Amino acid sequence: MFILVNVDWFGLGHDRWLARDHFNQGTAWLRDYGDREADPARAEKSFRRAIELDGEDVDHHEQFGAFLLMEAQPLLGERIARESRGDQQGAARLFNRAMTLLGEAQIHHQRATELFPRSTRSWVNLGIARMWQGDLQVALAGAHLAVGDREAARGPALAALSQYSGAVSDFQAALRVDPGLRDARQHIPRVFQAVREMPDVDPAITDFKSRIPTE
(Lines give C-alpha, C1' and ligand atoms only; values in the text may rest on other atoms or scores of the structure.)
Protein backbone atom coordinates (compact mmCIF):
# COMPACT_ATOMS: atom_id res chain seq x y z
CA MET A 1 0.00 0.00 0.00
CA PHE A 2 1.37 3.38 -1.00
CA ILE A 3 0.56 6.58 0.84
CA LEU A 4 0.94 9.74 -1.21
CA VAL A 5 1.84 12.81 0.82
CA ASN A 6 1.69 16.28 -0.66
CA VAL A 7 5.21 17.41 0.26
CA ASP A 8 6.79 20.49 -1.26
CA TRP A 9 10.29 19.03 -1.50
CA PHE A 10 11.74 22.06 -3.30
CA GLY A 11 9.98 24.79 -1.34
CA LEU A 12 8.18 26.03 -4.44
CA GLY A 13 5.21 27.07 -2.36
CA HIS A 14 7.29 29.41 -0.24
CA ASP A 15 6.59 33.12 -0.60
CA ARG A 16 10.28 33.66 -1.40
CA TRP A 17 9.65 32.37 -4.90
CA LEU A 18 7.20 35.23 -5.48
CA ALA A 19 9.88 37.85 -4.82
CA ARG A 20 11.09 37.91 -8.43
CA ASP A 21 7.54 38.48 -9.64
CA HIS A 22 7.21 41.52 -7.39
CA PHE A 23 10.61 42.77 -8.51
CA ASN A 24 9.68 42.45 -12.19
CA GLN A 25 6.38 44.16 -11.50
CA GLY A 26 8.19 47.05 -9.82
CA THR A 27 10.48 47.42 -12.82
CA ALA A 28 7.46 47.45 -15.13
CA TRP A 29 5.76 50.19 -13.11
CA LEU A 30 8.74 52.48 -13.74
CA ARG A 31 7.98 52.63 -17.47
CA ASP A 32 5.11 53.93 -19.55
CA TYR A 33 3.33 51.14 -21.37
CA GLY A 34 0.76 52.01 -24.01
CA ASP A 35 -1.83 54.26 -22.38
CA ARG A 36 -0.60 53.37 -18.90
CA GLU A 37 1.74 55.90 -17.29
CA ALA A 38 4.61 54.98 -15.01
CA ASP A 39 3.60 54.75 -11.36
CA PRO A 40 6.58 55.23 -8.97
CA ALA A 41 4.40 54.66 -5.90
CA ARG A 42 3.37 51.20 -7.12
CA ALA A 43 6.93 50.48 -8.18
CA GLU A 44 8.17 51.29 -4.68
CA LYS A 45 5.54 49.05 -3.12
CA SER A 46 6.53 46.16 -5.39
CA PHE A 47 10.25 46.61 -4.71
CA ARG A 48 9.68 46.68 -0.97
CA ARG A 49 7.64 43.49 -1.17
CA ALA A 50 10.35 41.76 -3.22
CA ILE A 51 12.97 42.62 -0.60
CA GLU A 52 10.65 41.55 2.19
CA LEU A 53 10.25 38.14 0.56
CA ASP A 54 13.89 37.72 -0.46
CA GLY A 55 16.44 40.05 1.07
CA GLU A 56 19.38 38.04 -0.28
CA ASP A 57 18.91 38.91 -3.94
CA VAL A 58 21.42 41.56 -4.99
CA ASP A 59 19.20 42.73 -7.87
CA HIS A 60 16.41 43.65 -5.46
CA HIS A 61 18.63 45.91 -3.37
CA GLU A 62 20.47 47.35 -6.35
CA GLN A 63 17.34 48.26 -8.33
CA PHE A 64 15.45 49.62 -5.34
CA GLY A 65 18.47 51.66 -4.27
CA ALA A 66 18.70 53.12 -7.78
CA PHE A 67 14.99 53.91 -7.66
CA LEU A 68 15.45 55.79 -4.38
CA LEU A 69 18.31 57.82 -5.88
CA MET A 70 16.10 58.65 -8.85
CA GLU A 71 13.37 59.87 -6.48
CA ALA A 72 15.81 61.96 -4.44
CA GLN A 73 17.68 63.67 -7.29
CA PRO A 74 15.04 66.25 -8.31
CA LEU A 75 14.51 67.18 -4.66
CA LEU A 76 18.07 68.47 -4.42
CA GLY A 77 17.55 71.14 -7.05
CA GLU A 78 14.04 71.95 -5.86
CA ARG A 79 15.32 72.51 -2.33
CA ILE A 80 17.83 75.06 -3.63
CA ALA A 81 15.09 76.80 -5.61
CA ARG A 82 12.81 76.97 -2.55
CA GLU A 83 15.61 78.36 -0.42
CA SER A 84 16.49 81.02 -3.01
CA ARG A 85 12.85 82.15 -2.98
CA GLY A 86 12.93 82.48 0.80
CA ASP A 87 10.68 79.45 1.39
CA GLN A 88 12.67 78.07 4.30
CA GLN A 89 9.92 75.72 5.50
CA GLY A 90 9.52 74.21 2.05
CA ALA A 91 13.28 73.86 1.71
CA ALA A 92 13.44 72.13 5.10
CA ARG A 93 10.74 69.63 4.12
CA LEU A 94 12.58 68.79 0.92
CA PHE A 95 15.84 68.47 2.85
CA ASN A 96 14.27 65.93 5.22
CA ARG A 97 12.63 63.97 2.42
CA ALA A 98 15.81 63.84 0.36
CA MET A 99 17.89 62.75 3.35
CA THR A 100 15.41 59.96 4.09
CA LEU A 101 15.52 58.68 0.51
CA LEU A 102 19.30 58.92 0.27
CA GLY A 103 19.82 57.25 3.63
CA GLU A 104 17.70 54.31 2.57
CA ALA A 105 19.41 54.16 -0.82
CA GLN A 106 22.73 53.97 1.02
CA ILE A 107 21.47 51.02 3.07
CA HIS A 108 20.35 49.05 0.02
CA HIS A 109 23.46 49.72 -2.06
CA GLN A 110 25.63 48.83 0.92
CA ARG A 111 23.77 45.53 1.19
CA ALA A 112 24.19 44.97 -2.54
CA THR A 113 27.97 45.40 -2.26
CA GLU A 114 28.01 42.88 0.58
CA LEU A 115 26.09 40.35 -1.50
CA PHE A 116 28.13 40.98 -4.66
CA PRO A 117 31.34 42.92 -3.99
CA ARG A 118 32.22 43.10 -7.70
CA SER A 119 29.16 45.14 -8.61
CA THR A 120 30.60 48.43 -9.82
CA ARG A 121 27.09 49.78 -10.24
CA SER A 122 26.37 49.25 -6.54
CA TRP A 123 29.67 50.81 -5.45
CA VAL A 124 29.14 53.89 -7.63
CA ASN A 125 25.53 54.35 -6.52
CA LEU A 126 26.56 53.90 -2.91
CA GLY A 127 29.11 56.66 -3.40
CA ILE A 128 26.53 58.91 -5.03
CA ALA A 129 24.09 58.39 -2.16
CA ARG A 130 26.79 59.43 0.29
CA MET A 131 28.01 62.32 -1.87
CA TRP A 132 24.53 63.83 -2.14
CA GLN A 133 23.96 63.47 1.59
CA GLY A 134 27.24 65.32 2.07
CA ASP A 135 26.00 68.09 -0.21
CA LEU A 136 22.83 68.46 1.84
CA GLN A 137 24.76 68.56 5.11
CA VAL A 138 27.07 71.24 3.69
CA ALA A 139 24.01 73.29 2.76
CA LEU A 140 22.71 72.94 6.32
CA ALA A 141 26.07 74.02 7.73
CA GLY A 142 26.01 77.01 5.40
CA ALA A 143 22.56 78.02 6.66
CA HIS A 144 23.88 78.06 10.23
CA LEU A 145 26.93 80.08 9.21
CA ALA A 146 24.69 82.58 7.41
CA VAL A 147 23.19 83.55 10.77
CA GLY A 148 26.56 83.52 12.52
CA ASP A 149 26.14 80.22 14.38
CA ARG A 150 29.52 78.58 13.81
CA GLU A 151 29.04 75.97 16.53
CA ALA A 152 25.73 74.78 15.05
CA ALA A 153 27.43 74.48 11.65
CA ARG A 154 30.09 72.14 13.04
CA GLY A 155 27.81 69.07 13.37
CA PRO A 156 26.45 68.99 9.81
CA ALA A 157 29.88 69.95 8.44
CA LEU A 158 31.48 66.94 10.13
CA ALA A 159 28.60 64.75 8.96
CA ALA A 160 29.27 65.96 5.43
CA LEU A 161 32.97 65.19 5.75
CA SER A 162 32.16 61.65 6.88
CA GLN A 163 29.85 61.10 3.91
CA TYR A 164 32.34 62.58 1.45
CA SER A 165 35.11 60.38 2.83
CA GLY A 166 32.90 57.31 2.50
CA ALA A 167 31.94 58.30 -1.05
CA VAL A 168 35.60 58.48 -2.11
CA SER A 169 36.18 55.02 -0.64
CA ASP A 170 33.17 53.67 -2.54
CA PHE A 171 34.32 55.13 -5.86
CA GLN A 172 37.80 53.73 -5.24
CA ALA A 173 36.27 50.30 -4.55
CA ALA A 174 34.50 50.49 -7.92
CA LEU A 175 37.81 51.37 -9.60
CA ARG A 176 39.51 48.38 -8.02
CA VAL A 177 36.97 46.20 -9.82
CA ASP A 178 37.14 48.18 -13.07
CA PRO A 179 40.05 50.67 -13.28
CA GLY A 180 38.61 52.22 -16.43
CA LEU A 181 35.23 53.08 -14.91
CA ARG A 182 34.56 56.65 -16.05
CA ASP A 183 31.78 57.49 -13.57
CA ALA A 184 33.89 56.69 -10.53
CA ARG A 185 36.89 58.60 -11.88
CA GLN A 186 34.77 61.68 -12.53
CA HIS A 187 33.07 61.66 -9.12
CA ILE A 188 36.24 61.57 -7.00
CA PRO A 189 37.54 65.02 -8.06
CA ARG A 190 34.03 66.38 -7.62
CA VAL A 191 33.98 65.18 -3.99
CA PHE A 192 37.44 66.61 -3.32
CA GLN A 193 36.35 69.98 -4.71
CA ALA A 194 33.27 69.94 -2.46
CA VAL A 195 35.51 69.34 0.55
CA ARG A 196 37.85 72.17 -0.47
CA GLU A 197 34.87 74.53 -0.46
CA MET A 198 33.70 73.46 2.99
CA PRO A 199 34.02 75.93 5.88
CA ASP A 200 36.88 75.15 8.27
CA VAL A 201 34.69 74.85 11.35
CA ASP A 202 36.63 71.87 12.72
CA PRO A 203 40.29 70.78 12.57
CA ALA A 204 39.25 67.48 10.98
CA ILE A 205 38.02 69.35 7.92
CA THR A 206 41.25 71.33 7.63
CA ASP A 207 43.29 68.14 8.01
CA PHE A 208 41.28 66.35 5.32
CA LYS A 209 41.81 69.26 2.94
CA SER A 210 45.56 69.09 3.51
CA ARG A 211 45.58 65.45 2.40
CA ILE A 212 43.64 65.89 -0.83
CA PRO A 213 45.82 64.92 -3.82
CA THR A 214 46.90 67.87 -5.93
CA GLU A 215 46.43 66.01 -9.21
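Residues numbered from 1 in each chain as written. Predicted model: local features only at pLDDT ≥ 70, side-chain atom pairs only at ≥ 80, totals over all residues. Heavy atoms only, no water.

Asker: Residue-level account of the environment of His-108, with values.
Answerer: Positionally, His-108 belongs in helix α4 (residues 88-115). Spatially, the C-alpha atoms of His-108 and Leu-68 are 9.4 Å apart, while their sequence positions differ by 40 residues. (Helix = DSSP H or I, 4+ residues; strand = E, 2+ residues; numbered from the N terminus.)

Asker: Kindly report on the nonpolar core, identifying the contributing residues and their values.
Answerer: Across soluble globular proteins, you tend to see nonpolar side chains buried next to one another. Counting 52 residues, the largest nonpolar core has Met-131, Tyr-164, Phe-171 and Met-198 as its most contacted members. Mapped onto this core, the elements with two or more residues apiece are α1 (19-29), α2 (40-53), α3 (58-84), α4, α5 (120-146), α6 (150-177), α7 (182-196) and α8 (203-210). A per-element tally of this core places α6 first, with eleven residues. With sequence-adjacent residues up to four places away left out, Tyr-164 is seen in contact with Met-131, Gly-134, Asp-135, Val-138, Val-191, Ala-194, Val-195 and Met-198. (Core = buried A, V, L, I, M, F, W, Y, C linked by side-chain atoms within 4.5 Å. Buried < 20%, exposed > 50% of the residue type's maximum accessible area, 1.4 Å probe, protein only. Contact = heavy atoms within 4.5 Å.)

Asker: Account for the packing of α2 against α3, naming residues and giving values.
Answerer: The contact between α2 and α3 brings their axes to 10 Å, and the two run at 150 degrees. As far as their axial angle goes, α3 and α2 are roughly antiparallel. As for the relative orientation of α2 and α3, their crossing is left-handed in sense. The segment α2 lies against α3, with Pro-40, Ala-43, Glu-44, Phe-47, Arg-48, Ala-50 and Ile-51 engaging His-60, His-61, Gln-63, Phe-64, Phe-67 and Glu-71. For the contact of α2 with α3, the class distribution of residues is seven nonpolar, three polar and three charged. (Axes fitted to C-alpha atoms, helices over the stretch in contact; angles between N-to-C directions. Parallel < 35°, antiparallel > 145°, perpendicular 65-115°, else oblique. Left-handed = near helix turned anticlockwise from the far one by under 90°. Nonpolar A, V, L, I, M, F, W, Y, C, P; charged D, E, K, R; others polar.)

Asker: Could you give me a rundown of the pattern of salt bridges, with the residues and numbers involved?
Answerer: One pass over the full model with this rule turns up 17 salt bridges. Among the salt bridges present, the one from Glu-104 reaches Arg-48, with a minimum N-O distance of 2.6 Å. Here the residue Glu-104 occupies a position in helix α4, and Arg-48 occupies one in helix α2, the gap between them amounting to 56 residues. When its relative accessible area of 19% is taken as the criterion, Glu-104 is described as buried. In this structure, Asp-207 engages Arg-211 in a salt bridge whose closest nitrogen and oxygen atoms are separated by 3.1 Å. Note on Asp-207: relative accessible area 39%, which makes it partly exposed. Judged by relative accessible area, Arg-211 falls into the exposed class, the value being 54%. Here the salt bridges do not stand alone but share partners, grouping Arg-20, Asp-57 and Asp-59 into one network. (Salt bridge = Lys/Arg side-chain N within 4 Å of Asp/Glu carboxyl O.)

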